[in-house]
Amino acid sequence: MTSRFLAARFLATAAAALLSGAAAAQDLKFPPGEDSRFNWDSFESFKRDLSGQSLKIDGPWGGVDKALFETVVAYFEAATGADVEFSGGDGFEQRVMIDVEAGSPPGIAVVPQPGLAQELARRGKLAPLPASAADWLRENYAAGESWVDLGTYAGADGAEALYGFVYKVDVKSLVWYSPENFEDMGYEVPETMEELKALTEQIAEDGETPWCIGLGSGPATGWPATDWVEDMMLRVNTPEDYDAWTRNELAFDDPKVIAAIEEFGWFARNDDFVSGGASAVGSTDFRDSPKGLFTSPAQCFMHHQASFIPSFFPEGTVVGEDVDFFYFPASAEKDLGKPVLGAGTLFVITQDSPVAQAFLEFLQTPIAHEIWMAQTGFLTPHKGVNTEVYGDPTLKKMGDILLQADTFRFDGSDLMPGAIGAGAFWTAMVDYVGGKDAATVAGDVQRTWNTLK
């Protein structure tokens, strides 16, 4: 059933809208009320009459993600009678800037880079969200203040406001391992950074190799090390230090940053700790790096990488059986809580309207998250969802990591200027694993940053 047909069905009155929404329920992915795992009360209580109103949404999602998002959109249409068109796909970042400057923006843009949202706000191209949205995030998202901070920017007048609502999150603070290999050697999953380091040393003492690490990625070689350093920044420094670092208010060659780089080096620059030795780290392709977990005998026992890495596991690998993951742990000796590094998408209003505001309110409902959760490729920090809805146990376990976090920070290199986060930082990490000291490579990055001022 098309969205236009649904909209036509909702033209009469609010009561008629609710009745036709019920009639269309059989065409929704999960018929309302039939599966008790879903929070259908949130769907019912959200219902309102927006008959005849339309909304255009643009974003980066194409293919499978576009189809999955449209299954969520269908519930908004059924609950309101509005007609929603999503035109996602490649080239979004350039497309949305052109449309905004031409005066023909979508109603809502789905932004994968906070820097883009910040720039749109600075130009006065975004509508601020109501203060109630910030309060809602603080109350209903795990690590709520982190999400408010991520979506708060200065507008054209210099005043700060919440512009971005985060929906659909990725997790990077993960360590992948073979449960069978751990069991054979009597190793236990570490719960603190101190335990992780002790396990690393134990594996080496047992004559095995603890880690597979690879930074190779063609023209983007070096980026996997930025994730390591960002995770370490959150484990040796405060979230405020992390934020200042991404804005260069804390210099890249500050001792706090150097300490984080050296924490990465503790793992990556020890020949006994890394498959192929430290000299292989810079040249090993990141896509090939995790394969050492699956060889017999194992070439390594652990691999630090984000939630996407199973795409590069050997064909037929079953996550949860052949391979599993654990949270990249925080230090027990530091009072820094449980930080999680990741990424995500921000929904921003590029053309204000009642239906655009309503859609952002819809994203606050558990059902708007659970519909995608029950399928694939979706994680959320929403504390009000039923995590049993997740479509597979891997997603549920990652979702639990998000829900247990008390700090979330967006990938730092993505927050930095492109010349740094997608340039000098990458190069510096390759130089570092190649033998240069942390202070030298950090100074190189800072000198590049100084040229941008």
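About the thresholds
- Residues numbered from 1 in each chain as written.
- Predicted model: local features only at pLDDT ≥ 70, side-chain atom pairs only at ≥ 80, totals over all residues.
- Heavy atoms only, no water.
- Helix = DSSP H or I, 4+ residues; strand = E, 2+ residues; numbered from the N terminus.
- Buried < 20%, exposed > 50% of the residue type's maximum accessible area, 1.4 Å probe, protein only.
- Contact = heavy atoms within 4.5 Å.
- 1 Å grid on protein atoms, 1.4 Å probe; cavity = no way out; pocket = protein on both sides within 12 Å on 5 of 7 lines; lining within 4 Å.
- Points joined across faces, edges and corners; volume = space filled by probe spheres on them.
- Nonpolar A, V, L, I, M, F, W, Y, C, P; charged D, E, K, R; others polar.
- Phe/Tyr/Trp six-rings, centres within 6.5 Å; stacked < 30°, edge-to-face > 60°.
- Lys NZ or Arg CZ within 6 Å of the ring centre and 35° of its normal.
- Salt bridge = Lys/Arg side-chain N within 4 Å of Asp/Glu carboxyl O.
- Patch = residues over 30% accessible without salt bridge, like charges linked within 9 Å, V, L, I, M, F, W, Y side chains within 5 Å.
- Areas by Shrake-Rupley, 256 points an atom, 1.4 Å probe, with all protein chains shown as cover.
- Lys, Arg positive; Asp, Glu negative; His and termini not counted.
- Charge placed at Lys NZ, Arg CZ, Asp CG, Glu CD.
- Disulfide = S-S within 2.5 Å.
- Pairing = 2+ DSSP bridges.
- Axes fitted to C-alpha atoms, helices over the stretch in contact; angles between N-to-C directions.
- Expected span 1.5 Å × (residues − 1).
- Arc of directions from axis to C-beta.

Draft legend 1. Structural context of the environment of Leu360. With respect to the secondary-structure elements, Leu360 resides in helix H14 (residues 354-362). On the basis of relative accessibility, which here comes to 4%, the residue Leu360 falls in the buried class. Placed 110 residues apart in sequence, Leu360 and Leu250 show a C-alpha to C-alpha distance of 34 Å. Apart from the residues within four sequence positions on either side, Leu360 is in contact with Ile108, Leu129, Phe165, Phe347 and Ile349.

Draft legend 2. Layout of empty space enclosed by the protein. Considering all chains together, one arrives at one cavity of 30 Å³ or more under this definition. The computed volume of the largest cavity comes to approximately 40 Å³. Every residue lining the largest cavity is listed: Cys212, Ile213, Gly214, Pro224, Trp228, His303, His304 and Gln305. Considering only residue class, the lining of the largest cavity consists of four nonpolar, four polar and no charged.

Draft legend 3. Quick look at the packing of aromatic side chains. For the structure shown, the criterion picks out 53 aromatic pairs. Arranged with centres 6.3 Å apart and planes meeting at 90°, the rings of Phe308 and Phe312 form a pair that is edge-to-face. The partly exposed category is assigned to Phe308, whose relative accessible area is 34%. An aromatic cluster of three or more residues is present, and its members are Phe46, Trp61, Phe69, Phe76, Phe86, Tyr167, Phe347, Phe359, Phe362, Trp372 and Phe378. The ring of Trp266 has Lys197 sitting right over it, with the charged end atom 5.0 Å from the ring centre. Across from the ring centre of Phe325, 4.7 Å away, lies the NZ or CZ of Lys397, which sits over that ring.

Draft legend 4. Summary view of the pattern of salt bridges. Inspection of every chain in the model, using the stated rule, returns 24 salt bridges. Between Asp227 and Lys172 there is a salt bridge, and its shortest N-O distance comes to 3.4 Å. Of this pair, Asp227 sits in helix H11 (residues 223-236) while Lys172 sits in the loop between strand E6 (165-171) and strand E7 (174-177); the two residues are 55 residues apart in sequence, bridging distant segments of the chain. Put simply, Lys396 and Glu388 hold a salt bridge, and the shortest N to O gap is 3.8 Å. One salt-bridge network, held together by shared partners, links Glu101, Glu119, Arg122 and Arg123.

Draft legend 5. Here's a closer look at the environment of Asp83. Assignment of secondary structure puts Asp83 in strand E2 (residues 83-86). Judged by its relative accessible area of 16%, Asp83 falls in the buried class. For Asp83 and Lys396, which are 313 residues apart along the polypeptide, the C-alpha to C-alpha distance reads 32 Å.

Draft legend 6. Structural view of a negative patch on the surface. Residues Glu180, Glu183, Asp184, Glu321 and Asp322 make up a contiguous surface patch of negative charge. Accessibility expressed as a relative area gives 65% for Glu183, which makes it exposed.

Draft legend 7. View of the state of the cysteines. Taken as a whole, this structure holds one disulfide when the rule is applied. Here Cys212 is linked by a disulfide to Cys300, with a sulfur-sulfur distance of 2.1 Å. Looking along the S-S bond of the Cys212-Cys300 disulfide, the torsion reads about -105°, which is the left-handed sense. One end of the pair, Cys212, is in the loop between helix H10 (193-205) and H11; the other, Cys300, is in the loop between helix H13 (255-268) and strand E8 (302-304), with 88 residues separating them in the sequence. Assessed through its relative accessible area of 4%, Cys212 is described here as buried. Taking relative accessible area as the criterion, Cys300 reaches 0% and is therefore assigned buried.

Draft legend 8. Representation of the sheet that holds strand E9 (residues 324-327) within the structure. The antiparallel open sheet is built from three strands, whose spatial order is E8-E7-E9. The open sheet has two edge strands, E8 and E9, and neither has a second partner. Each adjacent strand pair in this sheet contributes to an overall mean axis angle of 30°, direction not counted. Bridge count for E7 against E9 is four bridges, and the pairing is antiparallel.

Draft legend 9. How the structure looks around H10. Look at H10: 18 Å from first C-alpha to last across 13 residues, which is about the 18 Å you get at 1.5 Å a residue. Of the positions making up H10, those classed as buried are Met193, Leu196, Lys197, Leu199, Thr200 and Ile203. Relative to the axis of H10, the buried residues are bounded by an arc of 160° and lie together on one face. Each element contacted by the buried residues of H10 is listed here: helix H9 (179-185), H11, H13, E8 and E9. Following H10 by one or two positions, Gly207 adopts a phi angle in the positive range, close to 85°.

So far we have only geometry, and geometry alone does not tell us how the molecule works.
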